Number of protein chains: 2
Amino acid sequence: MEKIPAKTVSVTVADVAHAAGVSKATAARVLGGYGTVSDKVREAVKRAAQALDYRPNELARSMTTGRSGTIGVVVGDIENPFFGSAVRGITDVARLAGFNVILANSGESLAAEKAAVKTLIAKQVDGLIISPAKDSEIEHLREAERSGRPLALLDRAVARLDVDTVTTDDFEAAQAITRLLIGQGHRRIAYLTACDTPDHCFSQLSDIYTSSVRLRIEAFIGACRDAAIPDAARWVRVGAVNPQAIRAIVTELFNAATPPTAIIASDSLIGLEVFKAVREMGIALPGDLSLISFHDADWTAVTSPPVTVVQQPVYQLGETVATLLIGRLKGETGPARTVVLPTRLIERASVGKARLVATAI
Amino acid sequence: MEKIPAKTVSVTVADVAHAAGVSKATAARVLGGYGTVSDKVREAVKRAAQALDYRPNELARSMTTGRSGTIGVVVGDIENPFFGSAVRGITDVARLAGFNVILANSGESLAAEKAAVKTLIAKQVDGLIISPAKDSEIEHLREAERSGRPLALLDRAVARLDVDTVTTDDFEAAQAITRLLIGQGHRRIAYLTACDTPDHCFSQLSDIYTSSVRLRIEAFIGACRDAAIPDAARWVRVGAVNPQAIRAIVTELFNAATPPTAIIASDSLIGLEVFKAVREMGIALPGDLSLISFHDADWTAVTSPPVTVVQQPVYQLGETVATLLIGRLKGETGPARTVVLPTRLIERASVGKARLVATAI
DNA sequence: ATGAAAGCGCTAACAG
DNA sequence: CTGTTAGCGCTTTCAT
């Protein structure tokens, strides 16, 4: 009964134990780094492991311990520099704490997000970090909680969910930039967001299913109202999800009888496309149009003019949410924590005084 | 002997089987979607699973099947848009094929890369996609192969490793842009790369441990030699790893008696920092200096002047390497495949004729 | 300090 | 078509 190890057959603790002349349990103790073993036995086992090229099977370990040492992360789009930085923050903190990250892209699709959550739970991740596509349908998030795995939210809060959440101060930021614009005489300010509504039109706040964007629009409309600019809601444009859609919105905006004198872009992808579009249309920044974008993406500093932005501590957003989650994994209890990171307005040259437009009688 | 399921105790196939009044094997068959089961039994099991809120344990499945449905990916820095796009390509292809991705950042550190590979193997990933930090030390990559897991290389080839590899045509691209510059009369062309050498100086090609960069420098020097520009090697600058280092290099370059009239940036992070630095130094593009960068990052199109770049099909790079790897996972055999994706030169306005500089006697 | 044995949740033969 | 029986590789009581 010779045992002929095929190249696909991996060496196990049993093999090492046998080679070292000790029991499986003892070998497992030194290989797994737990319990107590005498020094000489430890050495013998280590030598045997080395000789046999033993490689631990984390899956088997996870099976018995119930912990996989893995965190599941679901973001909208890793290609978006915003999430790129956040994920880097998460992975850095996770690695330092001995955790790995399984990454899933939702593409901002609820169905994809649900599937990802289900898969991650099945994979027995110890905890989840999610940037939920919508806060309207959260059954799958509750399911994650029910599975006993801590959940933490990234960038987007869900009021009905009592979990650790890290966001940036969207309301404050939107209020500040709107006031800045109003202070420069702007009264026709358009707000462009990738968030979409069923009819692709904005009519009321409750149609916006992403908390961060909802807060921004609320602040935007509020600041306008405070300045006696009525019905700012009609300047909100949703569904700016790709270059084509953004082009269409910009075109529509400037084909109207009264085009905007300022645009707020809800993320840097929108900001970039607006910048390109208006440049091609011969609209001068900031002469004809003022532009402010959320997220201080790298490009915003090198354009002519450079773009005024809301700087968001994105890497730190990832770091913080990972720290919170790992705290739970290490046994921290207590009520859900909400961290709101401050933003900073970086004023550059894309904002100027509103020009009185002839068409506006 | 009542069984009181604590909230942390998950329901298993055994529980479902019991509730449905069938054997564990039968329940497992419908839950796992394999084997054959009668329709009525299938329904009964599904109902029971639903009622008990059964959630499969992929870890247990992986234990017995030997497949985890997971691909390990190690990149230098997910924050770099280059890798962001590549990883998106990988995850998209992986998801479609039913695989998940565990992501690890090496930070271009060999030690971190080794640790990541070890961890990923321990986690029983089915295969690995790596963008190796160095092609000089590859024992850990061989170990991955020895573990029986297919390995595929992203963006960087390793000659001594016989595995599927997907790169872009670095040699051709570097040759083309160098010739373009030379055609414009440039003879003092600096090449900046993040790759580093022990003494932070470039002396010979074999000091460069990243194949893509080595090929580029080889093409660069070769094209210079063809144009009777001797010793182009002295214009190569390594270690452009962060903004500070890049600033220092640019400063050094322009403090010299004979500053360069053109700069080639080996990635978009370098390109961006060079752009900022020369702008601050009052060096005009393309009047005083011509600039070409690898990677058509979004910012390169919106600067003034916009930057001439080597467009690399980065998303496709990720797609392709994932496709190759998954092919292996599905049983494809045969010799290692090498795919070299073509690049495209996007000529914009950052390149101009070389100006005769007074200081160059 | 060490060993024997049980079992995590699932799949994979092999019977019937 | 369905049930029985073994494990996968590891950790973990419980003895010794």
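Computed from a predicted model, the values in this text were never measured in an experiment. (Residues numbered from 1 in each chain as written. Chains lettered and ligands numbered in written order. Predicted model: local features only at pLDDT ≥ 70, side-chain atom pairs only at ≥ 80, totals over all residues. Heavy atoms only, no water.)

### Description of the overall build of chain A
Broken down by element type, chain A carries twelve helices and twelve strands. Compactness check: chain A gives a C-alpha radius of gyration of 27 Å against a globular reference of 21 Å for 361 residues, more than 25% above the reference. Put simply, chain A has 361 residues, and 53% of those count as buried. Across chain A, the fraction of contacts at a sequence separation of at least 24, relative to all contacts at a separation of at least 6, is 69%. (Helix = DSSP H or I, 4+ residues; strand = E, 2+ residues; numbered from the N terminus. Rg over C-alpha atoms; globule rule 2.2 N^0.38 Å. Buried < 20%, exposed > 50% of the residue type's maximum accessible area, 1.4 Å probe, protein only. Contact = heavy atoms within 4.5 Å.)

### Let's talk about the domain arrangement of chain A
Residues and elements named next belong to chain A. Domain boundaries assigned for chain A yield domain 1 (13-64), domain 2 (68-168 + 314-343) and domain 3 (170-311). Between domain 2 and domain 3, the C-alpha centre-to-centre distance is 28 Å. Listed per partner, the contact involves 13 residues of domain 2 and eleven residues of domain 3. Carbon and sulfur atoms make up 48% of the surface buried where domain 2 meets domain 3, a total of about 1100 Å² over both sides. Among the residues domain 2 hides against domain 3, the three largest losses belong to Asp135, Thr168 and Thr343. Together they make up 38% of the total. Counting across the interface, domain 2 meets domain 3 through one salt bridge. (Domains from an automatic or database assignment. Buried area = accessible area lost by both parts, 1.4 Å probe. Salt bridge = Lys/Arg side-chain N within 4 Å of Asp/Glu carboxyl O.)

### Focus: the nonpolar core
Side chains of nonpolar character tend, in soluble globular proteins, to be buried together. Core analysis: the biggest nonpolar cluster contains 110 residues, and Phe220, Ile263 and Val274 of chain A together with Phe220, Ile263 and Val274 of chain B have the highest contact counts within it. If we ignore the near neighbours within four places in the chain, the residues touching Val274 of chain A are Leu192, Ile246, Val250, Ile263 and Leu291 of chain A. Grouped together as the second largest cluster of nonpolar side chains are 52 residues, Val75, Val314 and Leu324 of chain A together with Ile78 of chain B included. (Core = buried A, V, L, I, M, F, W, Y, C linked by side-chain atoms within 4.5 Å.)

### As for the environment of Lys276 of chain A
Among the secondary structure elements, Lys276 of chain A is positioned in helix 11 (residues 268-280). Taking the C-alpha atoms as reference points, Lys276 of chain A and Pro243 of chain A, separated by 33 residues in sequence, lie 9.9 Å from one another. Among residues more than four places away in sequence, those in contact with Lys276 of chain A are Arg247 of chain A together with Ala301 and Val302 of chain B.

### Thoughts on the pattern of salt bridges
Within this structure, the stated rule accounts for 41 salt bridges over all chains. Taking the shortest distance from any N to any O, the salt bridge between Arg337 of chain A and Glu332 of chain A comes out at 2.8 Å. Taking the relative accessible area as the measure of exposure, Arg337 of chain A reaches 27% and is therefore partly exposed. Several salt bridges converge on common partners, so that one network encompasses Asp53 and Arg55 of chain A together with Glu139, Glu143 and Arg146 of chain B.

### Some thoughts on the relation of the copies chain A and chain B
Least-squares fitting of chain A to chain B yields an RMSD of 0.1 Å, with the transformation described by 0.1 Å of translation along the axis and a rotation of 180°. The operation mapping one copy onto its partner corresponds to a two-fold rotation axis. Most of the interface of chain A is mirrored in chain B: 100% of its interface residues are interface residues there too. (Least-squares fit on C-alpha atoms with pLDDT ≥ 70 in both.)

### Points about the sheet that holds strand 1 (residues 70-75) of chain A
Taken in spatial order, the twelve strands line up as 11(A)-5(A)-4(A)-3(A)-1(A)-2(A)-2(B)-1(B)-3(B)-4(B)-5(B)-11(B) in an open sheet, and their pairing is mixed. With partners counted over all chains shown, the strands left at the sheet margins are strand 11 (338-341) of chain A together with strand 11 (338-341) of chain B, one partner each. Pairs of neighbouring strands in the sheet enclose a mean axial angle of 20°, with direction left out of account. Taken together, the three bridges between strand 4 (residues 151-154) of chain A and strand 5 (residues 164-168) of chain A define a ladder with parallel strand orientation. Paired with Leu153 of chain A across the bridge in strand 5 of chain A is Thr165 of chain A. (Pairing = 2+ DSSP bridges. Axes fitted to C-alpha atoms, helices over the stretch in contact; angles between N-to-C directions.)

### Looking at empty space enclosed by the protein
Counted by the stated rule, this structure contains three cavities of 30 Å³ or more. There is about 150 Å³ of room inside the largest cavity. Lining the largest cavity are 15 residues, with Leu59 and Lys123 of chain A together with Leu59, Ile102 and Lys123 of chain B positioned closest to its centre. Of all the secondary structure elements, the ones that give two or more residues to the lining of the largest cavity are helix 4 (58-65) of chain A together with helix 4 (58-65) of chain B. Broken down by class, the residue content of the lining of the largest cavity amounts to five nonpolar, six polar and four charged. When its volume is computed, the second largest cavity comes out at roughly 50 Å³. Considering the residues around the second largest cavity, the lining is formed by Ile78, Glu79, Asn80, Pro81, Gly84 and Ser85 of chain A together with Ile78, Glu79, Asn80, Pro81 and Gly84 of chain B. Of all the elements in the fold, those that place two or more residues in the lining of the second largest cavity are helix 5 (81-96) of chain A together with helix 5 (81-96) of chain B. In terms of residue class, the lining of the second largest cavity is made up of four nonpolar, five polar and two charged. (1 Å grid on protein atoms, 1.4 Å probe; cavity = no way out; pocket = protein on both sides within 12 Å on 5 of 7 lines; lining within 4 Å. Points joined across faces, edges and corners; volume = space filled by probe spheres on them. Nonpolar A, V, L, I, M, F, W, Y, C, P; charged D, E, K, R; others polar.)

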